[in-house]
Amino acid sequence: MYEKSSGAQEEGLAESFWAVARRLRHLSRQTLEPWAINPGHSRALGVLTRHGAMRLSALAEHLRIAPRSTTEVVDGLEERGLVARRPDPVDRRATLVTLTDEGTRVGAAIRAARHTEAERLFGGLSPTDRAHLARILRTLRD
């Protein structure tokens, strides 16, 4: 009987986790709508904001996607005027991806909107519950 109960609890936990993940994805897409940016583009803007100009291969590692996919992401951002490619001053055969002024502005606006979104979602939790949740999520992530 204990095993059955434990299994039901775990199923409930997994279902709750996935329901929250779905809600987060939905909120994220809504938050990005004003900029007509998809989550992959937003992640790339965030990486470039945090780490500065970098080669495509480094961006691919940060995003944990294939280099070919990274090229597609950068192409999309470049078409929108949010990033630019420029020669790497250390190795002129290599190319760096850097944020444009517009990319910096849009990245900051998205960060602010996501902060507001997170406050709405997690605002009902006490500071203690937030700290516990953050610790648990870091443990699961790592």
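Moving on to the sheet that holds strand β1 (residues 54-55). If you walk across this open sheet you meet the three strands as β1-β3-β2, and the pairing is antiparallel. The outermost strands of the open sheet, each flanked by one partner alone, are β1 and β2 (83-87). Pairing geometry for β1 and strand β3 (residues 95-99), over two bridges, is antiparallel. Bridging from a neighbouring strand, Met54 pairs with Val97 of β3.

Quick look at the side chain of Asp88 now. Tracing the backbone shows Asp88 in the loop between β2 and β3. In terms of polar contacts, Asp88 uses its side chain to reach the side chain of Arg55, at 2.9 Å. Sequence-distant contacts of Asp88, defined by excluding residues within four places in its chain, comprise Arg55, Ala94, Thr95 and Leu96.

Let's shift gears to the confidence of the model for the protein. Mean pLDDT for the protein: 91, with 92% of residues reaching 70 or above. When the criterion is pLDDT under 50, residues 1-5 qualifies, and its contacts beyond four places in sequence or with other chains add up to zero contacts.

Moving on to the pairing of β3. Most of β3 is tucked away, with four of its five residues classed as buried. Where β2 lies against β3, five bridges are found, and the strand directions are antiparallel. For Val83, the partnering residue across the bridge sits in β3 and is Leu99.

For the rest of this paragraph, the subject is the packing of aromatic side chains. Tallied over the full model, the rule gives one aromatic pair. Ring centres of Phe17 and Trp18 lie 5.5 Å apart, and the angle between their planes is 85°; this geometry places the pair in the edge-to-face category.

Here is what the cut-offs are and how they apply
- Residues numbered from 1 in each chain as written.
- Predicted model: local features only at pLDDT ≥ 70, side-chain atom pairs only at ≥ 80, totals over all residues.
- Heavy atoms only, no water.
- Pairing = 2+ DSSP bridges.
- Helix = DSSP H or I, 4+ residues; strand = E, 2+ residues; numbered from the N terminus.
- Polar contact = N/O pair within 3.5 Å; in protein donor to acceptor, adjacent residues only side chain to side chain.
- Contact = heavy atoms within 4.5 Å.
- pLDDT = per-residue confidence, 0-100.
- Buried < 20%, exposed > 50% of the residue type's maximum accessible area, 1.4 Å probe, protein only.
- Phe/Tyr/Trp six-rings, centres within 6.5 Å; stacked < 30°, edge-to-face > 60°.

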